[in-house]
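# Residue-level structural notes
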Amino acid sequence: MVCGGFTCSKNALCALNVVYMLVGLLLIGVAAWGKGFGLVSSIHIIGGVIAVGVFLLLIAIVGLIGAMHHHQVMLFFYMVILFIVFLFQFGVSCSCLAMNRGQQETLLNSAWGMLENKTKTDLESQLNCCGLLNTTDSRPQFDLDVQNCPALCKQHTCYTCGLKMLDHATEALKILGGVGLFFSFTEILGVWLAVRYRNQKDPRANPSAFL
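Residues numbered from 1 in each chain as written. Predicted model: local features only at pLDDT ≥ 70, side-chain atom pairs only at ≥ 80, totals over all residues. Heavy atoms only, no water.

### Focus: the UniProt feature "transmembrane region" (unreviewed entry) in the protein chain
Just so we agree on the cut-off: UniProt positions are given in the numbering used here, feature names are shortened, and annotations may be inferred rather than shown by experiment. In DSSP terms, a helix is any run of H or I states spanning at least four residues, a strand is any run of E spanning at least two, and both are numbered starting from the N terminus.
In this structure's numbering, the residues bearing the UniProt feature "transmembrane region" (unreviewed entry) are residues 12–33, 45–68, 75–100 and 175–195. Annotated as residues 75–100, this span is 92% helix and 0% strand, and its ends, taken at the C-alpha atoms, are 39 Å apart. Summarising residues 175–195: 100% helix, 0% strand, and an end-to-end C-alpha distance of 31 Å.

Below is the structure:
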């Protein structure tokens, strides 16, 4: 059987946990990049991806230590928690990919309505845009936002902040969803390796000390 020995299983598990650490850092980095732009501070899915990235990074460290020392308790908690992370990450990633533009607009409108006026003007200055979305339902609020808008583009022609943020959100959600979904399946491999490695005897250890 491929990689059936103790040393091979140990090395494979260590290597996989190093990959998990890189994936965790990648998820945190991409999500933070999208969050820092402005829109994604209102989308809770992005925060969920950052949480998954941090948690995956921590559990990878636990798994790496457990694999190096063949620690039974750490390996047990590692494979249980990793399976839970898989379920959560799979769900969040599917949500990222499934969210359409209408749902993004709904979340954005809801979040924009909760922002203070100073926060709105700071965002408009940063993105060089005015107002959120010029729709029939939000026209009174849009006119008020445009009137108070401090952006430089107001002297000429301004894009709405909603259009700028939605375009960026679509890109960020696709990247996050694709990366998260792809690597979530490798976590099942990690659980299988942990179960297999945990039940193998260390040839260098005292047989009576196993378990």
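### Examining the packing of aromatic side chains
Short version of the rule: Only the six-membered ring of Trp is used, alongside the rings of Phe and Tyr, when aromatic pairs are assigned; centres must lie within 6.5 Å, and planes under 30 degrees apart are stacked while those over 60 apart are edge-to-face, with the rest tilted. Each residue gets one of three labels from its accessible area relative to the maximum for its type: buried under 20%, exposed over 50%, partly exposed in between, using a 1.4 Å probe on protein chains only.
Inspection of the entire model under this criterion finds five aromatic pairs. For the ring pair Phe 76 and Phe 77, a centre distance of 5.6 Å and an interplane angle of 75° mean the geometry is edge-to-face. Among the residues examined, Phe 76 registers a relative accessible area of 36% and is labelled partly exposed. For the pair Phe 90 and Phe 185, a centre-to-centre distance of 5.8 Å together with 80° between the ring planes defines the contact as edge-to-face. One end of the pair, Phe 90, is in helix 3 (residues 72–98); the other, Phe 185, is in helix 7 (residues 161–198), and 95 residues separate them in sequence. Residue Phe 90 is classed as partly exposed on the basis of its relative accessible area of 32%. Of the aromatic side chains, those joined through ring pairs into one cluster are Phe 83, Phe 86, Phe 90 and Phe 185.

### Details of the state of the cysteines
Formally, a disulfide is one covalent bond, and it connects the sulfur atom of one cysteine to the sulfur atom of another. The condition that has to hold: By disulfide we mean two sulfur atoms from cysteines, separated by a distance within 2.5 Å.
Counted under the stated rule, the structure contains three disulfides. Disulfide partner of Cys 129: Cys 161, at an S-S distance of 1.9 Å. Between Cys 129 and Cys 161, the disulfide has an S-S torsion of 100° and is therefore right-handed. Note that Cys 129 is positioned in the loop between helix 5 (117–127) and helix 6 (139–147) and Cys 161 in helix 7, a separation of 32 residues in sequence. Here Cys 129 matches Cys 161 in class, with each residue buried. Disulfide partner of Cys 153: Cys 158, at an S-S distance of 1.7 Å. The sign of the 110° torsion about the S-S bond sets the Cys 153-Cys 158 disulfide as right-handed. Judged by relative accessible area, which is 8%, Cys 153 ranks as buried. For Cys 158, a relative accessible area of 26% translates into the label partly exposed. Unpaired in terms of disulfides, Cys 94 finds its nearest cysteine sulfur in Cys 96, a separation of 9.3 Å.

### Here we look at a nonpolar patch on the surface
Put simply, the test is: Each patch is assembled from residues with relative accessible area greater than 30% and no salt bridge, linking like charges that lie within 9 Å and nonpolar side chains (Val, Leu, Ile, Met, Phe, Trp, Tyr) that lie within 5 Å. For every accessible area listed, the method is Shrake-Rupley and the probe measures 1.4 Å; residues are considered covered only by the protein chains on display. For salt bridges, the criterion is a side-chain nitrogen of Lys or Arg within 4 Å of an Asp or Glu carboxyl oxygen.
A contiguous nonpolar surface patch, about 450 Å² in accessible area, is contributed by Val 73, Phe 76, Phe 77, Val 80 and Ile 84. Along the polypeptide, Ile 84 turns up in helix 3.

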